[in-house]
Structures are given as C-alpha cells and as structure tokens.
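The chain contents come next:
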Amino acid sequence: MKQRVTLNINGTEEEVYAEPWWSLAQVLREEFGLGGTKIACNTGDCGACTVLLDGKAVRSCLILAVKAQGRKVVTIEGLRGKDGGLHPLQQAFMEHFAVQCGYCTPGMILTAKSLLDENPAPTEEEVREGMSGNLCRCTGYAKIVEAVMAASARMRGEHR
Amino acid sequence: MSELSVVGKNVIRLDALEKVTGTALYAADEALGEPGMLHGKVLWSPHAHARIISIDISRAKKVPGVEAVLTGKDVPEARVGSCVDDQHMLAREKVRFVGDAVAVVAARTLEAAEEALALIKVKYEVLPAVFDAEEAMRPDCPVVLHPGLSGYKRNMYPYLGNDLPGPNVHTHHKVRRGNVEEGFRQADLIVENRFSTARISHCQLEPASSVARPNVDGTLVISTSTKSVYTGVQAEVCRFFGLPPSKVRGVTHYIGGNFGSAPRAHIFAALAAIRTGRPVKVVFSREECFFRDLNRLPMVIYLKDGVKKDGTLVARQIKLICNCGAYAQITPLVIRNGSFGSSQYRIPNFRWDAYGVYTNEPPSGAFRGFGNAQPFWAMEQHMDIIAEKLRMDPVELRQKNLIAEGEENLRGEKTHSMGAAECLDKVAQWIGWGRPTSQPSSNTVKVAKGFALANKYTQVDTIASALVRFNKDGFVDVFHGSDEIGQGSQTVLAQIAAEELGVPVEKIKVIWGDSARVPYDHGAISSRTTMFVGNAIRAACQDVKRLICATASPVMGAAPEDLEARGGQIYFRSNPSKSMPVSDLFLPGRATCLPHDAELLGQGTFFYKGYSDGDPETGQGTRLTASYCYTAHAVEVAVDTETGEVKVLRFCSATDVGRAINPKLCEAQSEGGIAQGIGSALYEEMLLDRGRVLNCNFHDYGMPRMTELPGNHDLKCFLVEANHREGPFGAKGMGEGAMTPSAPAIANAIYNATGVRLMDLPMSPERLLRALKAQNKEAGHKSGPL
Ligand code: FES
Ligand code: FES
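Draft legend 1. How the structure looks around the overall build of chain B. Secondary structure summary: chain B contains 17 helices and 30 strands in total. Expected size for 786 residues packed as a compact globule is a radius of gyration near 28 Å; at 28 Å, chain B falls within 12% of this value. Judged by the C-alpha coordinates and their principal axes, chain B covers about 105 × 70 × 50 Å. Burial analysis of chain B (786 residues in total) assigns 64% to the buried set. Intrachain contacts of chain B at a sequence separation of at least 6 include 80% that bridge at least 24 residues. Summed over its atoms, the accessible surface of chain B is roughly 27,400 Å², and 51% of this surface lies on carbon and sulfur atoms. Each charge class in chain B can be summarised by its mean position, and for the 88 positive and 87 negative side chains these summaries are 2 Å apart.

Draft legend 2. Representation of helix H13 (residues 489-501) of chain B within the structure. Residue and element names in this part refer to chain B. End to end, H13 covers 18 Å across 13 residues, agreeing with the expected 18 Å (1.5 Å per residue, within 8%). For H13, the buried fraction is high: 13 of the 13 residues fall into the buried class. Glycine 502 sits one or two positions beyond H13 and adopts a positive phi of about 70 degrees.

Draft legend 3. Seen up close, the pattern of salt bridges. The tally for this structure, following the rule as stated, stands at 50 salt bridges over all chains. Among the salt bridges present, the one from lysine 545 of chain B reaches glutamate 500 of chain B, with a minimum N-O distance of 3.0 Å. You can see lysine 545 of chain B sitting in helix H14 (residues 529-556) and its partner glutamate 500 of chain B sitting in helix H13, a full 45 residues away along the chain. Note that arginine 566 of chain B and glutamate 564 of chain B form a salt bridge whose closest N and O atoms lie 3.2 Å from each other. Overall, the relative accessible area of 38% leaves arginine 566 of chain B in the partly exposed class. Residue classification places glutamate 564 of chain B among the partly exposed positions, given a relative accessible area of 26%. Through salt bridges with shared partners, a single ionic network connects Lys143 of chain A together with Lys664, Glu667 and Glu671 of chain B.

Draft legend 4. Layout of the sheet that holds strand E5 (residues 72-74) of chain A. Residue and element names in this part refer to chain A. In space, the five strands of this open sheet follow the order E2-E1-E5-E3-E4, with mixed pairing throughout. Looking at which strands have only one partner, the edges of the open sheet turn out to be strand E2 (12-18) and strand E4 (56-59). Each strand axis lies, on average, 40 degrees off the axis of its neighbour in the sheet, ignoring direction. As paired elements, strand E1 (residues 3-9) and E2 share seven bridges and run antiparallel to each other.

Draft legend 5. Focus on the sheet that holds strand E24 (residues 579-581) of chain B. All names here are of chain B. Within the open sheet, the three strands sit side by side as E22-E23-E24. Their pairing is antiparallel. Both edges of this open sheet fall to strand E22 (563-566) and E24, since each of them pairs with a single strand only. Averaged over all adjacent pairs, the angle separating strand axes in this sheet is 20 degrees, with direction ignored. Where E22 meets strand E23 (residues 569-572), four bridges bridge the pair, whose relative direction is antiparallel. Each residue of the ladder has a partner; that of arginine 566, found in E23, is glutamine 569. Packed on one face of the sheet, H14 meets E22, E23 and E24 and runs near 125 degrees to E22.

Draft legend 6. Spotlight on unusual backbone geometry. All names here are of chain B. The peptide bond linking leucine 761 to proline 762 adopts the cis configuration, its omega dihedral lying at -10 degrees. Along the chain, proline 762 falls in the loop between helix H16 (742-754) and helix H17 (765-783). You will see that serine 417, though not glycine, has its phi angle at about 65 degrees, which is positive. Using a relative accessible area of 1% as the deciding quantity, one classes serine 417 as buried. A positive phi angle, near 55 degrees, is found at phenylalanine 729, a position not held by glycine. Take phenylalanine 729: it is sitting in the loop between strand E30 (715-720) and H16. Judged by relative accessible area, which is 4%, phenylalanine 729 ranks as buried.

Draft legend 7. Representation of the environment of serine 228 of chain B. All names here are of chain B. Locating serine 228 in the fold gives a position in the loop between strand E10 (220-224) and helix H6 (229-241). For serine 228 and serine 482, which are 254 residues apart along the polypeptide, the C-alpha to C-alpha distance reads 6.2 Å. The residues touching serine 228, leaving out its near neighbours within four places in the chain, are Val233, Asp483, His522, Gly523, Ala524 and Ile525.

Draft legend 8. Summary view of the interface of chain A and chain B. Counting residues at the interface gives 51 residues for chain A, matched by 58 residues for chain B. Carbon and sulfur atoms supply 60% of the area that chain A and chain B bury against each other, a total of about 4,300 Å² over both sides. Where chain A touches chain B, the interface holds five salt bridges. With a shortest N-O distance of 2.5 Å, lysine 143 of chain A and glutamate 667 of chain B are connected by a salt bridge. Across the chain A-chain B interface, the total number found is 31 residue pairs in polar contact (both at pLDDT 80 or more). Here the residues of the side of chain A that touches chain B sort into 27 nonpolar, twelve polar and twelve charged.

Draft legend 9. Geometry of the domain arrangement of chain B. Its domain assignment divides chain B into domain 1 (37-127), domain 2 (295-401 + 410-460 + 613-780) and domain 3 (461-607). Placing the centre of domain 1 of chain B and that of domain 3 of chain B at their C-alpha centroids yields a distance of 48 Å.

Draft legend 10. Fine view of the nonpolar core. Counting 206 residues, the largest nonpolar core has Phe93 and Ile144 of chain A together with Ile746, Ile750 and Met763 of chain B as its most contacted members. With residues up to four places along the chain from it excluded, the contact list for isoleucine 750 of chain B reads Val637, Val639, Val646, Leu682, Gly755, Val756, Leu758, Met763 and Leu768 of chain B. If you look at the next biggest cluster of nonpolar residues, it comprises 52 residues, including Val468, Ile508, Ile661 and Phe729 of chain B.

Draft legend 11. Region of the structure containing the packing of H6 of chain B against helix H7 (residues 265-276) of chain B. Residues and elements named next belong to chain B. Packing of H6 against H7 brings their axes to within 11 Å, and their N-to-C directions diverge by 50 degrees. By the angle between their directions, the pair H6 and H7 is classed as oblique. Our pair here, H6 against H7, has a crossing hand that is right-handed. Residues Gly232, Val233, Glu236, Val237, Phe240 and Phe241 of H6 lie in contact with H7, whose contacting residues are His266, Ile267, Ala270, Leu271 and Ile274. A class-by-class count of the residues in the contact of H6 with H7 yields eight nonpolar, two polar and one charged.

About the criteria used
- Residues numbered from 1 in each chain as written.
- Chains lettered and ligands numbered in written order.
- Predicted model: local features only at pLDDT ≥ 70, side-chain atom pairs only at ≥ 80, totals over all residues.
- Heavy atoms only, no water.
- Helix = DSSP H or I, 4+ residues; strand = E, 2+ residues; numbered from the N terminus.
- Rg over C-alpha atoms; globule rule 2.2 N^0.38 Å.
- Buried < 20%, exposed > 50% of the residue type's maximum accessible area, 1.4 Å probe, protein only.
- Contact = heavy atoms within 4.5 Å.
- Areas by Shrake-Rupley, 256 points an atom, 1.4 Å probe, with all protein chains shown as cover.
- Lys, Arg positive; Asp, Glu negative; His and termini not counted.
- Charge placed at Lys NZ, Arg CZ, Asp CG, Glu CD.
- Expected span 1.5 Å × (residues − 1).
- Salt bridge = Lys/Arg side-chain N within 4 Å of Asp/Glu carboxyl O.
- Pairing = 2+ DSSP bridges.
- Axes fitted to C-alpha atoms, helices over the stretch in contact; angles between N-to-C directions.
- Buried area = accessible area lost by both parts, 1.4 Å probe.
- Polar contact = N/O pair within 3.5 Å; in protein donor to acceptor, adjacent residues only side chain to side chain.
- Nonpolar A, V, L, I, M, F, W, Y, C, P; charged D, E, K, R; others polar.
- Domains from an automatic or database assignment.
- Core = buried A, V, L, I, M, F, W, Y, C linked by side-chain atoms within 4.5 Å.
- Parallel < 35°, antiparallel > 145°, perpendicular 65-115°, else oblique.
- Left-handed = near helix turned anticlockwise from the far one by under 90°.

Set out below in structure tokens:
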C-alpha cells in the first residue's frame, strides 16, 4: 500500500504517496518529473542517479523513497551557485568540455559537489578516487577531472 | 583558404547548458508520470535454441491493468531484418538465443506488466545449440539455425550471400588483389597467426528507451534512444510493419551515448502501440541492454603475411570467422566494411575472406569502428612481430609500407588526405619511442612502450540534406536529420553554418531529430555527420546566400552576382564599404520583394556521385569510401608479472581529422575512444555460458573507471590536419577511428614488457598469467641441461 512521504526537494516541502518498494530515483522522476536524475543501471554501480541527501551524495536508485521521509534532497535541477546562477561545477563542466552525451553529467556534478564540500582542494588522484564510482562511457574522464579541478580552484577563489 | 573565424575554434557545446542543468531531454525522460501511458515489457527466451510448443497467455491477460499480451501470432508473418530477412519481431516457431523476444505485455503500470510477464507460460522443446563460430561454420554442423536461409530475402549487398561454405554461414565477403600465392613465394619471411576478439557491449549509459504514440489519423509517432530518425526508426518500423513512410514519424531527443548500438526498444513499443491503439513506453533494464544491444562482433582472425628482408610487405592473406549470433542484423555490412582498414599499407597481393556465421549467441552489430578494430587487433600486432623478426624499427617498418597520397590502395581507390605518417611521428615522439620508460622495470613489474596505427573509413553510399532558414532577426535555423549522440554534432554543424554565412555561432540554432520536420539523412553512423551533413549545410547556406542576393538585387539596384551576402549584411562586391542589412529585406513599406513575415530558405544536399559497391568477386572499385581517418596510439604500460595486471601509465593518440572544426570536441572524442580502447583491450568481455550472458551489469562487466586511466599529465591527444578536398573546410569524420588502434598498441607494449604475445581479447590478468607461466616453462626447457 502506498505510504505518505514528506520531503524537501530542492528547497520546497513536498508530499507524495509512494509504494514501499519505489526507489527515490523513480519517485523523483515519475512523480515529480525531475528527469535530470538519470537511471542507467538501477543497481548502484554507475552513479548516474546521484542526488544530495542532506548534503551528501547518494545513489537514489538504491534508496527507497519512504526512507527519504523528512530529509532534504537536492537534484541537479536544484543546484545553484552562490549568486543563484549556475554552480561553478556546472560552469566548469561546460567550459572544459566535460559533457558529451550528458547522461552521466548530473550524477558527476553532484558527486563532485559532495566531494568538494568535504575536500575543497583535492589532488587529481583524490578526484579520481572520490569519483571512481561514477561511470562515463563517452569522455574517458579526462575533461571531467579537469573540470572538477578547475571548479575547485574557482570556488576556493570565491571563498577568499 | 581565407582566414576562418568560427571553424577551428573551441566553441562551447550548444547543448552543454541543458546537460549541466539536467534539463536535456532523452527518450527515457519522455512521458515521465504521464497518465494514460502504457508500459511495455518483453518476455525473453531463457533458452539458446528451442522450439516453442505452446504459449499460454490466459492468466497474464487477467492481471488488472493489462491491456495487451502479444505473441508471435500477433506479428507480421513475413520475416524482417537489416541485411537478411531472417527474424520475426516475436518468435513464431523457434527461439535462437537467450534473449530472443517471445511476448510483449502492455499494461497501465510497470508492476502489472511485470506480473503478467511472469504468468505467461511457454512450453519449449529444447534443441541442441551451437556457440562456437568455427564449429558452426562447418558444412556438417549438426545444428542449423536457419534451415530456410537460402530462401531468405536479402536487403543489401546480395552478393554477400554467394559462395557460402556451410548452412550456418550467411555472409562471405571477398577482396582480391594480385596473387597471394605468388606473393608468398617472393617473400623472405612469412608470419602466420590466429587471433580472436571478444564480444563486448556498448554500455551507453542511457538504457534503450522508446515511446510510441498512435495518432488518430493513423500515424505512429515513435521516439527512441536508438539513432537515425529516418533509417534507424522510420524505415525500420515501416519495413517491420508494412507501413508507408507517411504513417511513421521517427523522433530522437538527446541520445545518452550510442557507439553503434541498436537495441530497438522502439520495435516493441511500436508493436504494442499499434495493437492497443494507445501510447506505450518501453525502457530496457541494463541487463536487457546487454543482450539486446547488438554487441561488438567477435572475430577469429587467421592472418598470414609475407614480407621481404627489407620490410616490404608483399602478400597478406586474412580469413575472418565472425560469430554473428542468432540473426544477421547489420553484420554482413560490418564484415564487408571491416575490410577497408587494410588499405593503409601498400600490399600488392592481398586476399580477404570474411565469413558471417550464425550461432546461438546474442546477435552482434556495429560498434565504434564498424568491424575495423577487430582485424587491426591482428594486423597491427603482426607489424610488430615482423619488425622484430627483421630487426627493424616498428615505426620505420610501418612508415615504409604506408600508402602515399595519390597512390592506388589495395582496393583500387586513389588515396587522398593521408595523415598517417604524421600521426605515427607525433605519438612516437611524445611517448619517447626508443628512449627509456618513465619508470624503470622491477623484478616483478615490467614497464614498456608499444604503439599501433589504424584507420576508419567513412561510408560513401549515404545522403544528407539540410535546410537553412535566415530569419529577419538575424538568427539562422539549421535543419538536418542526423543525431546528437554525445559527439557534439550540433555544435560542429552550427560552426560550419556560422562560418559559411559569416554570422556569429550564437545566432545559429540547430534543429534535428524528427522525420516530420527535418530533411532526410542517414544519421549518426560511420563517422559521417561532419562530412556529409556539414557539406549539405554548407550547400544550403550557399543557396540561401544566393537567394538573399537575388532578393536584394532590385532593392539595391545591382545584379545578384554583383552582391555578396555575409554576416547578416549584403555588400556591393565592387564597393564593400557600402552594404545593407539582410533584415532590411523584411522591412514593411520599403521597396522590398519580401512580405513582412517571409523567410529566406536555402536547401542543400550532399552525396557522392560515381561510388560503387566494388566488384563482388574482388572487392575492387574506384570509389568505395568517402574518406579515411587515421589514428595512431602509443602507450606505456606496467605489467605486474605476479598478478597479471596491466596498468596503462601513459597514453598518446594522434588522429588525422582532415581539419578540426572544433579541436576540443575532437580531443574529447579521442579521449573517449582511448578509454573504450583500454576497456576493450584489458577488461571488457561479455561472459557467456551456453549463450547466457553472465555479467550483464555494470558491476561485473569491466567498463573502465576513472582510476583505471592514466592521469591527465600522462595523456596527450594530437590532431593532425591532412585536409580532405571534399570535406567541409577540409574536415573528415573521426569519432570511430579514436579506438581502433588501442588494443594492438597495448598488446605490443605488453609484449615489449614481458616477451609474451597475447592473441586473444581481452588481455585479462588470467590470460596474461597463463601466458607468462607457459613462457617460464618454455624458458625452463630451453635453459635445462643440454
Ligand atoms: S542508476 Fe543508480 S547507480 Fe546506476
Ligand atoms: S557523457 Fe556520456 S556517459 Fe558521460
């Protein structure tokens, strides 16, 4: 039987009736139309479905929607820079050609956001290590790593 | 050529903003939560080969919410296929692989569809099956997949059905040049080996998805994640369902990666939509993608080379046995086109026989490189083997045999736009060929370099059309029928239009992806979009410029040929300081020839005249391909001789792209190709147990992750620009060439590190350890007491 779930999505309090087996990814997509959260494997192996749950990157295909009760979810649609415009990561992904087909992109950006929140000045190895759970079939990752490094530098500059 | 202002610049991708904000729409995102949408699910055969005795759908039909349960009885009786009509959409009498489609359910919820699927009872009589292509190829193979093969209709290259040596062989492709026997007699050295490649999966991240909507007027609108609105969707659905093109509208959105895959969720969505009269969405699970994507065609390759003492190649004989799986699909074309790679060297005596064989494995198809990466796996290892035996430098051996600009290649084509020599030099220099490795070898970790040279042709027999609309606000709409599969075609095509029209690229809007709204194109296949669609767009831009001048002629009081349209202005050729904005042609109340709301529309088409399929017996012709993109890869690897693990330390590529319209996008293709190349070389293989894929998920299938690739300082992608006279601004296609030399380059490096030559893909730790062990044993024998 469907259960009532209340959660905060991208800053707005929302309510939804979800079957107990529905994943958060499925609910974000099908019930809220937030198609930016991608499902590529549905088994937790690729990171395409990554969202921020209370600020931390999680695989929303592995999390039951009912378990998100009362929690804060940020999807790619809700990511903003300080000025309300593009987040420096989004900007850097554009400028460094880190996007090809784009299917891994939302998950990559949100994973990187979580990584930079914890470690604002990572080395290239730390970026590769920290993001190795996210698969991309198009880019070979070089430009994604470059973009994350560039965004990290820019964000540190902003904080100064 | 005069200064270019947009071509050659790193214009930021036009689709980047949508993609980084999560607003880009893909087929899987269409109709999210849409009420009234039915969900389609397919029942797949659990057997590799079986006769269907009966199918009981009575219980499945009773599940609440189920609108249709369809089986082989509900599909057209005629067989269909890409090259050979050998398949029913849903199996009618027999299933031939684990994953053959048996039934389709359409229901109001996914849960209901899944429940119904589980309630379909199929009785099978299991039949003996064959999985090995060499076994299946034998004339006396007891298992015959398609006893009716000789009567099947062939849709393209019917001559590929001649001279078939066994009942499971559907394709035999031949190339003949000179006389190989004579060539081998002249040779001072003959090298002969057997190689094999693995079945690998595209793993594009977007799962196969499709939405089919029947319109009240009888039109079917089908959006899909499979590319090519005309050839991949419209033409195919028309053929499969016997519908006229006017009744089928193919739509693509952004496509979440492709690399040649053709999973065709749209066929099942279309079937269910036609039978129910309701919109139906089908999304494959990742597991389903693995067995339905039409994986990279595995080949067994017997290669024999004859060479003179001085390194001159005199003869090459190559026999390929291709495990196509249960249905031919596009493999006859993959097999034929896989032959073009060998054209890069001058080989006076050449013989190629490639066989497409049915087995009870999941069907194969196109994969980045379209049949070229597999022969290169063998050919480019042989070049190193030969060089070593002749004590020649392998770079020099290749340079010596490279075909030259203007020279006739072994297919009879005149070579043009030949940047291979420069590619080789670039990678050899960067990797430091002949110089010490970046780190020394230890007792257990051996470090060495290796390289390979390969190419990818672009198919010649396709056509592209484009429309260009010059709007009164100065913005330009470009309409074309190719796809955005991630390669950045929209950006490149906008740059071509901007350059030709002299307007800023920000003023170009590119519109694609709907057969009802964009002109005909073959789609994003064969690395053809830049060249074919780019040329069509250029022609359309020239057409609209002519129209602008003709329209301005009476207004400006000059003959059209005395005017020039550039950058939104119309100039007098005799006095370029005097001009009129194009937008003035739209001004009301002026002496204008255009009504206020009119538009200026240009049209362009591009195709090759005078191309041929080649002689069916010899494969010879004067124009068989549009262009060749050459790629050299050089790598440095560290081989752990205790674990068998190979780490790629440094990687360099150089690709001859003719002209880089957008260098960063070319570089991005190169980097992506390298990652797939490393994956195919070291990790990737669909593991099959009697036809069943065992590792059909991202956990067990070894797609490379960030940590498995060299760091950014150890990666370099060069672009070489051997302008192609027929390419737009000199450009050629380059997306597929990006991965063709990787596997042999890595194999050559592993050999240089360990002395072990691996001839089967992938070069997994197990294989490498086994080979090292065998080597030790041999060495033990040799160094034993005399
Ligand atoms: S879709 Fe969730 S990890 Fe792949
Ligand atoms: S850009 Fe296509 S999967 Fe990463």
